[in-house]
Amino acid sequence: MEVKREHFVRAALEIGQSGENDTLPYDIDAAFIRDKSGDLAQICFDLFQTIVNGVPLAP
């Protein structure tokens, strides 16, 4: 399976609507989250800081 950006957009929309994601196969989804947990945490924290404090995102 070729994973594309659109898969992540659809997955995010599914999570926003139902709290879970059925777009990406579980093994790909779980492996990605596990392998990229640090990067994802930083992205989320940066976004949180921007929303709460108006701090611009780092390049």
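Here the structure is a predicted model, which is why all the values come from computation and not from measurement.

Cut-offs applied
- Residues numbered from 1 in each chain as written.
- Predicted model: local features only at pLDDT ≥ 70, side-chain atom pairs only at ≥ 80, totals over all residues.
- Heavy atoms only, no water.
- Helix = DSSP H or I, 4+ residues; strand = E, 2+ residues; numbered from the N terminus.
- Buried < 20%, exposed > 50% of the residue type's maximum accessible area, 1.4 Å probe, protein only.
- Salt bridge = Lys/Arg side-chain N within 4 Å of Asp/Glu carboxyl O.
- Patch = residues over 30% accessible without salt bridge, like charges linked within 9 Å, V, L, I, M, F, W, Y side chains within 5 Å.
- Areas by Shrake-Rupley, 256 points an atom, 1.4 Å probe, with all protein chains shown as cover.
- pLDDT = per-residue confidence, 0-100.

Secondary structure summary: the protein chain contains three helices and zero strands in total. For the protein chain, the α and β elements follow one another from N to C terminus as α-α-α. Per-residue burial over the protein chain gives 8% buried out of 59 residues.

Our focus in this paragraph is the pattern of salt bridges. Summed over the entire model, instances satisfying the criterion amount to one salt bridge. The residue Asp35 makes a salt bridge to Arg34 at a minimum N-O spacing of 3.3 Å. Taking relative accessible area as the criterion, Asp35 reaches 54% and is therefore assigned exposed. Take Arg34: its relative accessible area is 56%, and that puts it in the exposed class.

This part is about a nonpolar patch on the surface. The grouping of Phe45, Leu47, Phe48, Ile51 and Val52 at the surface amounts to a nonpolar patch, some 520 Å² of accessible area in total. In this structure, Leu47 sits in helix α3 (residues 37-53).

So, on to the confidence of the model for the protein chain. Low-confidence regions, as indicated by low pLDDT, have predicted coordinates that should not be scrutinised in detail. For the protein chain, per-residue confidence averages 78 on the pLDDT scale, and residues scoring 70 or more make up 86% of the total. The secondary structure element of the protein chain with the lowest average pLDDT is helix α1 (residues 5-18), at 78, and the one with the highest is α3, at 83.

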